[in-house]
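If you want the building blocks of each chain, they are given just below.
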Amino acid sequence: MAENKKSFVLYCDLLTSISHLTNEEKGILFQHLLEYVNDMNPVLEDRLILTAWKPIEIQLKRDLIKFEEVREKRSEAGKKSAELRSVKNK
């Protein structure tokens, strides 16, 4: 995940993607998710759980790209605003 990012979005439709898993497999998947978003570089070896994981991973990466773009735009807007206030106060 991104540095200093403390949260992520988990989508409701994920329920349909994991409904075929046992509760134990869902627990393994959830543990993997938490380790992944905390940059612990987990490795999944179970092919069934890996099949459920890949769409989640792809969505997390998509969301991270969008987060970075929004963060950059807000940073630039903040810099411009500070610049304008600085000029205005002179």
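The structure displayed is predicted, hence computed values, not measured ones. (Residues numbered from 1 in each chain as written. Predicted model: local features only at pLDDT ≥ 70, side-chain atom pairs only at ≥ 80, totals over all residues. Heavy atoms only, no water.)

1. Some points on helix 3 (residues 47-88)
Definition in use: A run of H or I in DSSP counts as a helix once it spans at least four residues, and a run of E counts as a strand once it spans at least two, with each numbered from the N terminus. Multiplying one less than the number of residues by 1.5 Å gives the expected span of a helix. The quantity called bend is, for any residue, the angle between two axes fitted respectively to the seven residues ending at it and the seven beginning at it. Remark: exposure states derive from per-residue accessible area (1.4 Å probe, protein chains only) relative to the maximum for the residue type, with buried under 20%, exposed over 50%, and partly exposed in between. In what follows, residue pairs with any heavy atoms lying within 4.5 Å of each other are defined as contacts. Side-chain atoms alone can form a polar contact between residues adjacent in sequence; in general such a contact is a pair of N or O atoms within 3.5 Å, and within protein one must be able to donate a hydrogen while the other accepts it.
Helix length check: helix 3, at 42 residues, gives a terminal C-alpha distance of 61 Å against a target of 62 Å (1.5 Å per residue), a fit within 8%. The largest bend in helix 3 is about 30°, located at Trp 53, with the proline Pro 55 one to four residues further on. All of the buried residues in helix 3 are Ile 49, Ala 52, Trp 53, Ile 56, Glu 57, Leu 60 and Asp 63. On its buried face, helix 3 is in contact with helix 1 (14-18) and helix 2 (23-37). Among the residues of helix 3, the N-terminal cap falls to Asp 46, whose side-chain oxygen and the backbone nitrogen of Leu 48 are separated by 2.9 Å.

2. Considerations on the nonpolar core
What counts is decided by this rule: For this analysis, a nonpolar core means a set of buried residues of the types Ala, Val, Leu, Ile, Met, Phe, Trp, Tyr and Cys, connected via side-chain atoms within 4.5 Å.
Of all hydrophobic cores here, the largest spans 13 residues; its most connected members are Ile 18, Leu 29, Leu 33, Trp 53, Ile 56 and Leu 60. At the level of secondary structure, the elements contributing two or more residues to this core comprise helix 1, helix 2 and helix 3. No other element matches the five residues that helix 3 contributes to this core. In this structure Leu 60 touches Phe 8, Val 9, Leu 33, Tyr 36, Val 37 and Trp 53, once residues within four positions along its chain are discounted.

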